[in-house]
Protein chains: 2
Amino acid sequence: MGKKWVYRFTDLDEVESYVGGDWEGVRGLLGGKGANLAEMVRIGVPVPDGFVITTEACNEYLSLGERLPDGLWAQVLESLKAMEEETGKVFGDPHRPLLLSCRSGAKFSMPGMMDTVLNIGMNDATVEGLIETTGDPKVAYDLYRRLIQMFGSVVMHIPDEKFEEVITRTRISAGVKSDTEMQAEHWKGVTEEFKNIFRFHTHHHFPTEPYAQLQMATEAVFMSWNGKRAIDYRNAVGIPHDLGTAVNIVAMVYGNLGDDSGTGVALTRSGTTGAKQIEGDYLTNAQGEDVVAGIRMTRDLSDLQQEMPKVHAEFEHIAGLLENHYREMQDVEFTIENGKLWMLQTRDGKRTSQAAVRIAVDMAQEGLITKEEAIMRITPDMLDFFFHPQFDPEAIGAAAAENRQLAKGLNVSPGAAVGLVALDADLAETWGKEEGKKVIMIRPETRPDDVHGMLAAQGIVTSRGGRTSHAALVARQFGTPAVVGVDEMDIDLTRRQISVGDTIIKEGDCISVDGTSGEIYLGEIDTKEPDIKDKWLLTLLDWADQYRTLGVWANADYPVDASRAREYGAEGIGLCRTEHMFMESERLPFVQNMILAEMEVQRTEAIKKLLPYQREDFTGLFRTMNGLPVVIRLIDPPLHEFLPDHISLMRDLADLKIQLQHAPSLEAIDDLLKQVREKEKVLRRVETLREDNPMLGLRGVRLGNHFPELPKMQVRAIIEAACLVTREGGDVQPEIMIPLTSHVNELKVQRQLLEDEARIVMEEQGIEINYKFGTMIEIPRAALTADQLAEFAEFFSFGTNDLTQTTYGISRDDAESGFLIEYMVHEILPENPFETIDYDGVGELMRIGVEKGRKTNPDIKLGICGEHGGEAKSIALCHELGLNYVSCSPFRVPLARLAAARASITAQP
Amino acid sequence: MGKKWVYRFTDLDEVESYVGGDWEGVRGLLGGKGANLAEMVRIGVPVPDGFVITTEACNEYLSLGERLPDGLWAQVLESLKAMEEETGKVFGDPHRPLLLSCRSGAKFSMPGMMDTVLNIGMNDATVEGLIETTGDPKVAYDLYRRLIQMFGSVVMHIPDEKFEEVITRTRISAGVKSDTEMQAEHWKGVTEEFKNIFRFHTHHHFPTEPYAQLQMATEAVFMSWNGKRAIDYRNAVGIPHDLGTAVNIVAMVYGNLGDDSGTGVALTRSGTTGAKQIEGDYLTNAQGEDVVAGIRMTRDLSDLQQEMPKVHAEFEHIAGLLENHYREMQDVEFTIENGKLWMLQTRDGKRTSQAAVRIAVDMAQEGLITKEEAIMRITPDMLDFFFHPQFDPEAIGAAAAENRQLAKGLNVSPGAAVGLVALDADLAETWGKEEGKKVIMIRPETRPDDVHGMLAAQGIVTSRGGRTSHAALVARQFGTPAVVGVDEMDIDLTRRQISVGDTIIKEGDCISVDGTSGEIYLGEIDTKEPDIKDKWLLTLLDWADQYRTLGVWANADYPVDASRAREYGAEGIGLCRTEHMFMESERLPFVQNMILAEMEVQRTEAIKKLLPYQREDFTGLFRTMNGLPVVIRLIDPPLHEFLPDHISLMRDLADLKIQLQHAPSLEAIDDLLKQVREKEKVLRRVETLREDNPMLGLRGVRLGNHFPELPKMQVRAIIEAACLVTREGGDVQPEIMIPLTSHVNELKVQRQLLEDEARIVMEEQGIEINYKFGTMIEIPRAALTADQLAEFAEFFSFGTNDLTQTTYGISRDDAESGFLIEYMVHEILPENPFETIDYDGVGELMRIGVEKGRKTNPDIKLGICGEHGGEAKSIALCHELGLNYVSCSPFRVPLARLAAARASITAQP
C-alpha cells in the first residue's frame, strides 16, 4: 500500500500515531483548520463530514512540478465514497447532491492569503435537482452562480470584478438595493452570464463534471501556497516556506433551506460580564453572511429554546463539550440544516476585561483550569478596567440605538471621557485650565507643542497616527483616554468643525470618547465609576497573594492614601514623601522663614515651629498603618521649590516700583518700600539658591548635611509620633529613609547625627522604638558602591525615577514633552524608560546594587519606590532581581499583586 | 657570654648578621639615627666615634621595671674604653676630656618627642682642664652650664624656665642682647646658679661623676619612650608602642675651639637649580646653632677652599661618597674641630621642582640611578613649576634683603601672584572684573558666598584654615595661587587694613603672594615666565615616552592649540569641540537664525551658511596635525546656549517699552516696535527651549537626531576639509565623535545618516577618506551597554566630566561653588571627583565600559577626553583600565606623559 495522503476527520487517532502523538505534528500534517475540525469530531461535536488532503501531499505535488502524487486521487475518491455513505448524499447526483467546500488550511493561520471554493458539485443537472427537492430556485441558482464565480476567480484567475459587474448591472435593472432581494430569475440570468464570462476568459466551457471541479480546485489550493501574496505574507510574518498547505474537503450545509434551518454565532459565556450563560444571535432560514450583514434583525439565542428546543439543548451540550475540551470560553459559528445542528468553527472568544476576570475565576472554581492558569490569563493591564471610569454599557446601548455612534479608531489609552471639542492646544488649555471646562482635544495629529493642551484635556482624538504616535504615547503617559487614527474624521481647522460623512461636529460641541473600545459618540454618555469590589477580582487577587513572593507596598503621604492602600492590599508604606507636608498653606510661611533666615538661631526657630505639624502627620500615618512598616523619606527637594519663582518675583518688583511712582501718600510710600525690601530679600535668596540643574543639585541627603537641623526635626517628629502611638497600644514600625545618597560618607555622617537625635527623643519619652535606617538608591554611584552603603543601611529602596534620569542622562520633566516622545515615535527608543524600567541600563545597575548590597548584608531589605513599582514588566524585573517588595501608588496595588504573582508563576521551573 | 646590648658604629656587619641582613632590622635594633651613623662610618665618612645601646636594651630595661639588664653597663664601659683609644681622649680626664652626647633614636623618627643630653663628662675638674687646654673659659663654662641645664630638665624634670630665668637676668645685668655676647664670667656665674637650682629642686648635688651622668642620662632616654608626649605622638602617627628607643652615645665635637674650627650645613647639589655643585654656608669658630641663628653673617662654602683647602677637598670627597651611597642629593651638617672635619648628619636634601628634575636626570646620566628611578622621583605635580609663572629668585632675594618679606603661611596652590589687596569678595570682583585691576583677595577665611571674588582675583590669602579649607580647595580648583593659615596676619575689616606685627597694609596696597613657597611680600616682585624648554625636563619626558604604554593626546579646538599640543608632545587631538567655533561673532548670527527659523527651509539655509566656516576650521586643524589622528566631536551643547539669556531679554523688553512711552516721533515708534517684535520672538524661542535641567536635556546626539541637518553639515565640512588637505599631500586621520549617547539606537541612526553624507561628499570630491566613527561614553547607561554601542563605534572616548556629573548626580557648575566644597571641607568626600576620577564609582563604570566594549570589539580604540585626562591619579587609573590614550589640555600634556610613564613603571611586576 502506498503513502497515505488523505485522512478523514474521524481518522485523528491514526494521524496522531503517524506523527508520533504530538499535536504540533498533527497541525503540521492536517493544517490548523483540519486539525481543529478533526478535534471537534473526536469530542463528539457534530461537524459536517469531510476529509483532509495533507500538507505532505501539497509539498509532493509542488515538488513533482504540479502533478498529483500517485495514489492521492484514489484515496480522495475512497474518502468521498465514505462521505456519501455517511451523509446519504451522492456527489454529482441531481436529486441528493453532495456539495463540497474545498479550503486551504496551513499549519499557521494565513488569513485571506489562500484560496477557497464552495458549492463544488453544482452544475446544470444538480441545480435542477435541487430546485426539485427544495422547491427554492432562488437558493439553487445563487449556489450555482457562486461556484462559477469562485471557481472562475480562484482556479482560473478571472478578475473577480468581471463577475461583480454583472451582479451590479442585474441589481440595478431589477431595481433592488441588495443581493438578498434578488429573485430566482435574476440569479438564473447571472448564472448564464457567468458561464459566458468563464468561456470568454478561459476559452473553455465551465466544467460541469463534479470530479473535475474537485480536482481542479484542489490543485488550485496547492498552487496558491506558492502564490505571490502567500509568499509575501510568510516573509513578513516569518513562516517557513516549506510547510505546505493542507486541503479541507467538507460537505456543505445550508441554513437557508427553510424554517427548520438557520445559522448563528455564539459565545459560550457572556463576553461582557463573564456570566456563565450562552450568548448569541441567530437567524432562521438564512446564511452565515446574513447574520453579519445586519439587514435582518437577528434573534437572541435564548429564543431558539422555544423555536427548536432539541437543537437548543444540543447546542448547550456542545458548548459544554467545547469548554471542557478547550478549557476556555468559545466563540462558535453554527448552522442548522433542516433541524440538524452543525458546528462550523470554534475558537477562543473575545471578552471585556471584567468578563475575562470572572471567566478565569469561575473556570478555576469549576475545576476546569488551575488557579495559576486563571492568574496567567489576566494580564495586569486588564485591571485598568476596574480603576478607570468606563461608559455605562446600557448608556452605550442607548446611544447606539439613537445612532449617536460617530466613528471608531484605535483604542490607544483606556477609559471614558466626555467633553467639549477643542481643535487646538491653546483653546484646550484655556477652556480646561482657566475656565474649568471638560475638553476633548481633537487634532489631525499632535506634536510636542500640543502637550500643554493635552494635559488640560479629558480625552484626546486624532484623525491620523497609530499606536506609537505622539498622541498615543502622551495620552498613555498621562492616563488620558485617547483614540487615534480615526480616518473617517475630516477636520476643518478654518471652519473650526469636524465632519464624519454627513455629520458635522462644531468646535464646542459635546462628544464622548471611549478609549477602551476606540468608539466616539455624539453627546454625553453616562460613565460608571470603577468597581474595585468586584467579587471575582477580589478572589483572583487573593489567589495572586498565594503565589507571589514579592511584597506589595504603597507610596502614600497622608493617612487617607494609606488607608486606601491598605484596603487595596498594601502590606506597608514604601514611600512617604515628607516635602508635600511642607507645602500646606499654614506651614509654608515657616518653611520660607527657615530658608530666608540669616542667622542660625532664626533658622532653628522656624524649624521648631514645623515640629508639631510633622509629628501630627506621622501620628496619623502610624495609626492607619498599625502593625505594618512605614518608610518615611526625609526631606528631598531643593529649597527653591518652597519659594516663589524668579520671574514672578521680578515682575512683582517691577509692579511695586511703578506703584511707588504713583503713590498717593507718604504712608503708602512707606508701605510700598517695605514690600519692595521684603521682595528684594526673597529675590536675593532665590538668586543664591538658583541652580543650573536642580535635579543634580542641593537636595536629598546633601540638604540634610547642609541644614542638619531640618532632618533632625523630622526624626524627632517621627520618633515622638511613634512613642505617642505606641503609648496608645499601636504597633509602629518606622523606617527612616535618606534620599539621594551617592557616597557612603554622606550616609554615615547623616545617620550618626539622626541616630543621636532619635536616642535623645527615646530617652525623653522613656520608650524604645524599633526603627530602621535605610537609603534610597537613586544615583548610579549608589548602586555601584552598594557594598559600602550596606554597611550603614538596613534597607535600600530603589528610586527608579531619578535612577533612570541619571543613568540615561535624561531630565524627565523636559524630555517627556520633548525629545523622548520624538524618540519613541521614531522608534529610536523601544519604550519609555520612565514607564518600564530600562532592562539593559537601569536594570543592570539595580542588579549590581542588589548583589553588592546583599554581599555586605545578606539580610538587607530591598524594595523599589519609583513609579515603576506599579508597572507589570518592571515588577517582573524586581521579582527576577529578588527584591523584597515593590511600592507603588495605592491605585496600582492590585495590579502589582497580580503582576507579582504572574512573575512568580512564570519563573517556576 | 650574655646578650649583646651595645654595638659600636663600626659593628654594622655584626648587627646585620644578627638581624638577618635586613636593613629594616638594623633600623629596628639601632634606631634610625644609630643605623645612619653606622652606615656613614661604613662608607668611610668621618663621624664622631660612638656606640648604640639597642632598642632591645630599652625594652628589657622597661620590662624589668626600669632596671638596666645584666651585662649592659659592662658593655657600655667596654665601648667607652674603645672610644677613648680611638679618640685619644679620656672620659672624665680633666686635660683630655672625652665629652659625650646621649640621644634617643627610635626606628621611626619622632621629632622632639624624646630626650637628649649633651656635654656629658663636664664637671668642675674638666671645666678647669678645658680652660687650661683651650684657653677659652667662656666656651668651657658655656658647655658646663648647658650640661647642667639639659641634665636638670631632661633627667631630673626641673622646669626649664627656672634655668632660662637665670640666663635672662644675667643677660640684663650684663647689658647684652644675646647669649653669644655673654662673657666667661657671666657663664661661670650662671653655672653656679644652675648648680643651686639643681640642688634646690632635687635635694641632691649635681652629679659630677661622669659615669653617673652617663648612666642617669641613658636611663632617662629609656624612660622617655613611655613619656606622655611620646605615647600621644605614637598614637597620633600610628607607631607601635613596643618598638623601644635606642640610645646613641657619641663623642662631642666642637666647632668653636678657634679659627681652625667651624661648623656648617650644605647640599651636595644646588637645591635651587639642581646644578652639580656643592652649596652651603659655614662659620668659623662657631657652634651649629650660630649658623641657624643668623646673628653672624655665614660664609659661602666655596670660601672654605681658600681658608681650609684640605678640609674643603675632603668635604667634596665625602659629598661624593654620600651621593654614591644614598643615590640622592644630600643635606649634611658638619663640624670642623681643630682642622678635623666631622659629619654629624646626612639626609636627602630638599629642592625646588626644577632642581629635582635636573638632579634626577643628571644622576641617571651619571649612572647613579636608572631612568625608571629618575622618572619615579619626579611627581607629576612638580611639573607645575614649569608651567606656572614663578617669582624670579633674584627678585625674591632682593625683596628679602629689603625686609619686604611680610609673612608665611601654607602653600596650598602654587604660582606667583601680584595685586592690590581687596578685603572682600564684592570689591575683588569689582576691581578684578569691572576695572580690570589685578587683585589679591584677603579674608580671615572664605565661604561659598566669596567664590565670585575668588574667581576675579589673581591670588588668595586667608589668615585661618588649613590645606583642605574652603579657600585652599577653591584656589586649587581654579589654579589660583593661594596661601592660607597666615596666622601672623591680623585682618581689621572695619579699618580696612591688615597688620603683621608693626607693619600695616591698607586695602588697595600692592603685595606679592608666592603660592609655591607660602611666602607673602610687600610690593611687587617680578615674575619669570615658565621655561618649558628646560633641557633636563625635555630629557626626562623623552625617557617617560620610552616607558609609557598609554598614548597622550590633547584637547584642542583651534590650530594654535593643536600646534602647542604637538610641541608639548601630543600624539593626536582627542577632542575638538566644535561648538566654540559657532560662538565667534561673525558666525553666531547664522547659528541664531538656524535656531529661530520657523520653516525647515530657513533652517537649512542658515546651516548652509555655516559650512564654509566649519570647513576652514577643520582644514586648519588637519594641516597642523598632519599624520596624527584628530577626533572631532559633533555639536554638543543645548541650543539655548547660543541665544541671549531669559532674564536679560526680559529686561531689554521692559526698557524698550519704557522708551516707547517717551518716543519722540512716529518713526522712532516704528523702529522701537520692530525691535520689540524681534526681541519677543527671541524670547518666545528661549522660553520654548528652556529646560529645567539642561545638563540632562536636548543636547549631544539628541540634538543631532532632532536637527539632522546640523551634524550632516559638520560631517560635510570635515570630509571636504579632509579631501582638501589630502589633495595638498597631507595625511589626514579624522575621527568623528558622537556625544552623549545613552542608547545604541541613537548612535545607529545618527551614524547611518552621517555615513551616507560622508559617502556623498567623498564621491563628489573623488577622494576616499579613511575616517573613523565613535562615540563618547559620558552617560552611565552608555558604559553599562558598551557591548551594544561597540557594534557601531570604532572608538570610545570616556567623557569623565559629564560621566562624573551623572554617576554622582552632581551638577558641577552648581556644586563646585556650593555643597561639594562644603563636603570636602568637612571631609565627607576625600577628594573632588571632578579633579580626580572617583575610583569606586566612575572608575567602576569605566571598567564595565572597557570590558563590555572590548568583548564586542577587541580592537576598539579607547580614550578619555575629560579634564581628568591631565591628572596623575586619574591617568594611573586609565593605565590600569588599559585605555589606549588620555587626552588633556595642551598645557598638561607633559604632565600626562610623565604620569603615564610612572603608572607603567609602577605596574611592572
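Residues numbered from 1 in each chain as written. Chains lettered and ligands numbered in written order. Predicted model: local features only at pLDDT ≥ 70, side-chain atom pairs only at ≥ 80, totals over all residues. Heavy atoms only, no water.

Peer 1: Would you mind going over the environment of Ile828 of chain A with me for this structure?
Peer 2: Tracing the backbone shows Ile828 of chain A in the loop between helix H35 (819-825) and helix H36 (842-856). A relative accessible area of 6% places Ile828 of chain A in the buried class. Non-local contacts of Ile828 of chain A, meaning those with residues more than four positions away in its chain, are made with Tyr823 of chain A together with Asn705, His743, Asn745, Glu746 and Val749 of chain B. (Helix = DSSP H or I, 4+ residues; strand = E, 2+ residues; numbered from the N terminus. Buried < 20%, exposed > 50% of the residue type's maximum accessible area, 1.4 Å probe, protein only. Contact = heavy atoms within 4.5 Å.)

Peer 1: Sorry if this is basic, but what is going on with the relation of the copies chain B and chain A here?
Peer 2: Each of the two chain copies goes to the other by way of a rotation about an axis and a shift along it. When chain B is brought onto chain A, the operation consists of a screw motion whose angular component is 180° and whose axial shift is 0.3 Å, with 0.3 Å RMSD remaining. Here the copies are linked by what is in effect a two-fold axis. Among all residues of chain B, the one whose C-alpha sits closest to the rotation axis is Asn693 of chain B, at a distance of 2.2 Å. The overlap is high: 100% of the interface residues of chain B also sit at the interface in chain A, so the same surface is used on both sides. (Least-squares fit on C-alpha atoms with pLDDT ≥ 70 in both.)

Peer 1: Is there a simple way to explain helix H29 (residues 709-727) of chain A in this structure?
Peer 2: Counting along an α-helix, one turn takes 3.6 residues, and residues three or four places apart therefore face a common direction. All names here are of chain A. If you check H29, its first and last C-alpha atoms are 27 Å apart, about what 19 residues at 1.5 Å a residue would give, namely 27 Å. Of all 19 residues that make up H29, 14 are buried, and the element is covered over most of its length. Positive phi appears at Gly729, one or two residues downstream of H29, with a value of about 100°. (Expected span 1.5 Å × (residues − 1).)

Peer 1: Looking at this structure, how should I read the pairing of strand E20 (residues 503-506) of chain A?
Peer 2: Each regular strand displays side chains that alternate between the two surfaces of the sheet. Residue and element names in this part refer to chain A. With 4 bridges joining them, strand E19 (residues 497-500) and E20 adopt antiparallel strand pairing. Bridged to Val500 within E20 is Thr503. Hairpin connection of E19 to E20: 2 residues between the antiparallel strands, including Gly501 at a positive phi of 60°. (Pairing = 2+ DSSP bridges.)

Peer 1: Explanation requested: the packing of aromatic side chains in the structure shown.
Peer 2: For any pair of aromatic rings, geometry is given as the distance between the ring centres together with the angle between the planes. Within this structure, the stated rule accounts for 28 aromatic pairs over all chains. Ring centres of Phe151 of chain A and Phe206 of chain A lie 5.7 Å apart, and the angle between their planes is 85°; on these two criteria the pair is classed as edge-to-face. Linking Phe151 of chain A in helix H6 (residues 137-155) with Phe206 of chain A in the loop between helix H8 (184-202) and helix H9 (210-224), this pair joins segments that are 55 residues apart in sequence. Each ring, one from Phe819 of chain B and one from Tyr823 of chain B, has its centre 5.4 Å from the other, and the planes form 80°; the classification is edge-to-face. You can see Phe819 of chain B and its partner Tyr823 of chain B sitting in helix H35 (residues 819-825), 4 residues apart, about one turn around the helix. A single burial state applies to Phe819 of chain B and to Tyr823 of chain B, both of which are buried. (Phe/Tyr/Trp six-rings, centres within 6.5 Å; stacked < 30°, edge-to-face > 60°.)

Peer 1: Before we go on, may I ask you to explain empty space enclosed by the protein in this structure?
Peer 2: One simple way to see leftover space: roll a probe sized like a water molecule over the atoms. Residues and elements named next belong to chain A. Enumeration over the complete set of coordinates arrives at 1 cavity of 30 Å³ or more. Computed from the structure, the largest cavity encloses a volume of approximately 30 Å³. Considering the residues around the largest cavity, the lining is formed by Leu634, Ile635, Gly700, Val701, Gly704, Pro711, Ile738, Pro739 and Gln750. Within the lining of the largest cavity, the residues separate by chemical class into 6 nonpolar, 3 polar and no charged. (1 Å grid on protein atoms, 1.4 Å probe; cavity = no way out; pocket = protein on both sides within 12 Å on 5 of 7 lines; lining within 4 Å. Points joined across faces, edges and corners; volume = space filled by probe spheres on them. Nonpolar A, V, L, I, M, F, W, Y, C, P; charged D, E, K, R; others polar.)

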